[in-house]
Amino acid sequence: MKIYNTQSKQKEEFVPLVPGKVSMYVCGPTVYNFIHIGNARPMIVFDTVRRYMEHKGYEVNFVSNFTDVDDKIIAKAIEEGVSAQEISERYIKECKKDMAAMNVKPATTHPLATQEIDGMIEMIATLIEKGYAYDVDGTVYFRTRKFDEYGKLSHKNLEDLRSGNRSLLVTGEDQKEDPLDFVLWKPKKEGEPSWPSPWGDGRPGWHIECSVMAKRYLGEEIDIHAGGEDLIFPHHENEIAQSECCNGKTFARYWMHNGFLNIDNRKMSKSLGNFFTVREIAEKYDLQVLRFFMLSAHYRSPLNFSAELMESAKNALERIRNAVSNLKYLQEAASAEEMTADEQAMLAEVKSFETKFDEAMDDDFNTADAIAAVFELVKYANTNVTSANTAALTGAVKEAIIRLCDILGIIAEVKEELLDDEIEKLIEERQAARKAKNFARADEIRNELLEKGIVLLDTREGVKWKRA
Ligand code: AMP
Ligand code: ZN
C-alpha cells in the first residue's frame, strides 16, 4: 500500500510502526457552528482511509479531536450571551449527528482540548526546561530558530519566512525574540475561559493541543497524521516542532493532506457567501450522495462542488443501488442448486474487479479509480447475471458490490428494516413529547412521518403505523 507523504513529496510504501496496527491522528473541527461541507471532506476522506486499512486487516487506532476553546467559540458565546462550553457542547453534538449521517465512523477517541490542559502544561514546561520555549509576562512562545528542522514539512525556507514576517510584527508581539516564534500559552482575558498554570491563568495555543492529544492517545511516534492542506503551515509544522523537541522522536511517519473543496470553481468562504453547511445539503440530498461525490475525486485534488456534480453523484449512486436491488430480486427467485462450472468462471471475473478495486486503493487511496472498478462490476452484473443463474452466484455478485461499497462507507443496499427502526424511534420520541405536554413537537413528528408516507393510528393498544 502506497501513501503520498507531504513531507517527502512522494508516494511511499506504508510500513506501520507496529505490524498489524495503525495509529492515526486527524485534526478535527473547531466547534463554533454547524460543520460546512469543506470540513466534511477530511472527515469522509480519512474515514475511508481508515475503512480501507481495516479491510486490509489492520487494527486502526483513530484519534480525532474537537477544538473546543478558541477565539471564534468565545466570540459566538459572547454574541449569544452563553458560556463557551455551551457553544462547544452544542456543536459537538450536531457535528456527531452529521458524521453519523455521512456514515463516518466515530473515532476510537474524540478528545476535547479543554479536557487535556494538564498534558499541555506539562509539555510546555518540558519545552521551557529544554530551552525550546520562553515566558514573557504570562505568554509562552516556542523558540522556532532553536529547532533546526523547522520547515521540513511545508518545505519553507526559514530565512525567507523570517524576512517576510518581520513586517508582520504587530504591537504587543514585539516581545517575541523572533517573528517566527509562536504562542504555546496565552494569558487570560476578562470574560474568557482560563486555567491556572505556572505562567499565570490563561489558555493554550491551538498547535499545542494536537501535539498533546496525539501523544496521550497514540504515543510519541505515530504512523499517520492528517488534515486539510491549509493545516500544513503553520499548524502541522508547529506540531512537529513542539512534539519532536519535547519527545526527541520523529512525530509522524506519514503526513496526509486533503485538497480543498471549492464551490462553483471559487474558493468556498464565509465572506464570499458561497458556503454550505452539511445540514443544508441534507435538506436536499441523502448525505450518502455527498459522500459519493467527495470520493469521486482523488483526495489530494481540489474538488469543485456544484449542483450538476451532485446530481451526477446521485444518479451514479442510484445505478449501484438499482443493480443491488435487482440482484436481490433475482436471488430470491433463483434456484438453490450448486453453482455451475460456468458460474465459477463468472465468479473469477467478479474477483478480478475486486482486485482492481484494491489496486486503486493501494495506490494512495485512488477512490476515483476504485469507484470505476465498482461500476465495471455493476455493468458486468447487469449484462451477465440473469434469472437463469443460481441463487449462489447471484448472491455472491450482490455481496461483492455491497462489500466494495462498504469499504468506501457507501451503503449499497437500502434496507427496509432500517427505515422501520427510524419510524419506531420517531414514534417513541412523539410519545415522550406528548407525555411532557410538548404537543407542538408531537404534531411535528406526526407530520414529518406523514410526509414520508407513514400514517399513525392511535389505538387502544397503543400507537400503530402503516405505510400509506
Ligand atoms: P477547522 O474547523 O477550520 O479547523 O477545519 C477542520 C478541518 O476541515 C481541517 O482539516 C481543515 O483543513 C478542513 N477544511 C476546512 N475548510 C475546507 C475546505 N474548503 N476544503 C477541504 N477541507 C477543509
Ligand atoms: Zn491539529
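Residues numbered from 1 in each chain as written. Chains lettered and ligands numbered in written order. Predicted model: local features only at pLDDT ≥ 70, side-chain atom pairs only at ≥ 80, totals over all residues. Heavy atoms only, no water.

In the first shell of the zinc ion (ligand 2), the protein supplies Cys27 (SG), Cys210 (SG), His235 (NE2) and Glu239 (OE), at 2.0 to 2.7 Å from the metal. Each of the 4 donor atoms bound to the zinc ion (ligand 2) contributes to angles spanning 72 to 128°, and the resulting shape is irregular. Between consecutive donor residues of the zinc ion (ligand 2), the sequence gaps follow C-x182-C-x24-H-x3-E. You can see Cys27 sitting in the loop between strand E3 (21-26) and helix H1 (37-55) and its partner Glu239 sitting in helix H7 (residues 232-247), a full 212 residues away along the chain. (Donors = N, O, S within 2.8 Å, 3.2 Å for Na, K, Ca; no water. Tetrahedral: all angles 85-135°; square planar, octahedral: opposite > 155°, others 65-115°. Helix = DSSP H or I, 4+ residues; strand = E, 2+ residues; numbered from the N terminus.)

Moving on, we get to H7. The buried count for H7 comes to 14 of 16 residues, which makes it a mostly enclosed element. At the C-terminal side of H7, Gly248 shows a positive phi close to 70°. (Buried < 20%, exposed > 50% of the residue type's maximum accessible area, 1.4 Å probe, protein only.)

A few words now on the nonpolar core. In this structure, Ile37, Met53, Met102, Leu290 and Phe365 are the most contacted members of the largest nonpolar core, which totals 91 residues. Contact partners of Met102, with chain neighbours within four places excluded, come to Ile35, Ala40, Met43, Ile44, Val278, Leu287, Gln288, Leu290 and Arg291. Formed by 41 residues, the second largest nonpolar core is a distinct cluster that contains Val140, Tyr150, Met213 and Ile240. (Core = buried A, V, L, I, M, F, W, Y, C linked by side-chain atoms within 4.5 Å. Contact = heavy atoms within 4.5 Å.)

Before going further, it helps to examine the pattern of salt bridges. Taken as a whole and judged by the stated rule, the model has 37 salt bridges. Where Arg279 meets Glu94, a salt bridge forms, and the shortest distance between an N and an O atom there is 2.8 Å. On the criterion of sequence distance, the pair formed by Arg279 in helix H8 (residues 278-284) and Glu94 in helix H3 (residues 84-101) is long-range, its members being 185 residues apart. Residue Glu94 is classed as buried on the basis of its relative accessible area of 15%. Taken together, the shared-partner salt bridges connect Asp47, Arg51, Arg291 and Asp406 into one network. (Salt bridge = Lys/Arg side-chain N within 4 Å of Asp/Glu carboxyl O.)

End to end, helix H6 (residues 206-218) covers 19 Å across 13 residues, agreeing with the expected 18 Å (1.5 Å per residue, within 8%). Residues His207, Ile208, Glu209, Cys210, Ser211, Val212, Met213, Ala214 and Leu218 constitute the buried set of H6. Once H6 ends, the next one or two residues include Gly219, with phi positive near 110°. (Expected span 1.5 Å × (residues − 1).)

So, about the environment of Ile263. Its place among the elements puts Ile263 in strand E11 (residues 261-263). Along the backbone, Ile263 and Tyr217 are 46 residues apart, and their C-alpha atoms lie at a distance of 36 Å. When sequence neighbours within four positions are dropped, the list of residues in contact with Ile263 reads Ile37, Met268, Asn274, Phe275, Phe276, Asn304 and Phe305.

The next subject is the packing of helix H12 (residues 367-384) against helix H13 (residues 391-407). Closest axis-to-axis distance for the H12/H13 pair is 10 Å, and the angle between their directions is 160°. On the basis of the axis angle, H12 is roughly antiparallel to H13. Crossing hand, H12 versus H13: left-handed. From H12, Val374, Leu377, Val378 and Ala381 reach across to H13, where they touch Val397, Ala400, Ile401, Leu404 and Cys405. For the contact of H12 with H13, the residue count by class is 9 nonpolar, no polar and no charged. (Axes fitted to C-alpha atoms, helices over the stretch in contact; angles between N-to-C directions. Parallel < 35°, antiparallel > 145°, perpendicular 65-115°, else oblique. Left-handed = near helix turned anticlockwise from the far one by under 90°. Nonpolar A, V, L, I, M, F, W, Y, C, P; charged D, E, K, R; others polar.)

The geometry of H1 relative to helix H11 (residues 341-362) is characterised by a closest axis approach of 11 Å and an angle of 125° between their N-to-C directions. In terms of orientation, H1 and H11 fall into the oblique class. In the packing of H1 onto H11, the handedness of the crossing is left-handed. Every residue of H11 that contacts H1 at Thr48, Tyr52 and His55 is listed here: Asp358, Met361 and Asp362.

Inspection of the entire model under this criterion finds 1 cavity of 30 Å³ or more. Counted as a void, the largest cavity has a volume near 60 Å³. For the largest cavity, the full set of lining residues is Val45, Thr48, Val49, Met294, Leu295, Ala297, His298, Tyr299, Phe365 and Thr367. Breaking the lining of the largest cavity down by element, the ones donating at least two residues are H1 and helix H9 (287-295). Counting residues per element, the lining of the largest cavity draws most heavily on H1, which supplies 3 residues. A per-class count over the lining of the largest cavity returns 7 nonpolar, 3 polar and no charged. (1 Å grid on protein atoms, 1.4 Å probe; cavity = no way out; pocket = protein on both sides within 12 Å on 5 of 7 lines; lining within 4 Å. Points joined across faces, edges and corners; volume = space filled by probe spheres on them.)

What follows deals with the site of ligand 1. Close to ligand 1 lie 17 residues; Thr30, Gly38, Gly228, Asp230 and Leu261 are nearest. Within the side chain of Asp230, an N or O atom sits 2.4 Å from an oxygen atom of ligand 1. Asn258 places a side-chain nitrogen or oxygen 3.4 Å from a nitrogen atom of ligand 1. Contact with the protein chains removes 88% of the 490 Å² of surface that ligand 1 exposes when unbound. According to the grid-proximity analysis, the pocket containing ligand 1 is the second largest pocket. The residue makeup of the shell around ligand 1, split by class, is 7 nonpolar, 9 polar and 1 charged. (Near = heavy atom within 4 Å. Polar contact = N/O pair within 3.5 Å; in protein donor to acceptor, adjacent residues only side chain to side chain. Areas by Shrake-Rupley, 256 points an atom, 1.4 Å probe, with all protein chains shown as cover. Sits in = over half its atoms within 2 Å of the grid points.)

Take unusual backbone geometry next. Note the cis peptide between Phe233 and Pro234, where omega equals 0°. Turning to its location among the elements, Pro234 is positioned in helix H7. The residue Lys9 is not glycine, and still its phi comes out positive at about 55°. Looking at where Lys9 falls in the secondary structure, it is placed in the loop between strand E1 (2-5) and strand E2 (10-13). Positive phi, close to 55°, is recorded for Phe365, a residue that is not glycine. If you trace the backbone, Phe365 turns up in the loop between H11 and H12. The class for Phe365 is buried, based on a relative accessible area of 2%.

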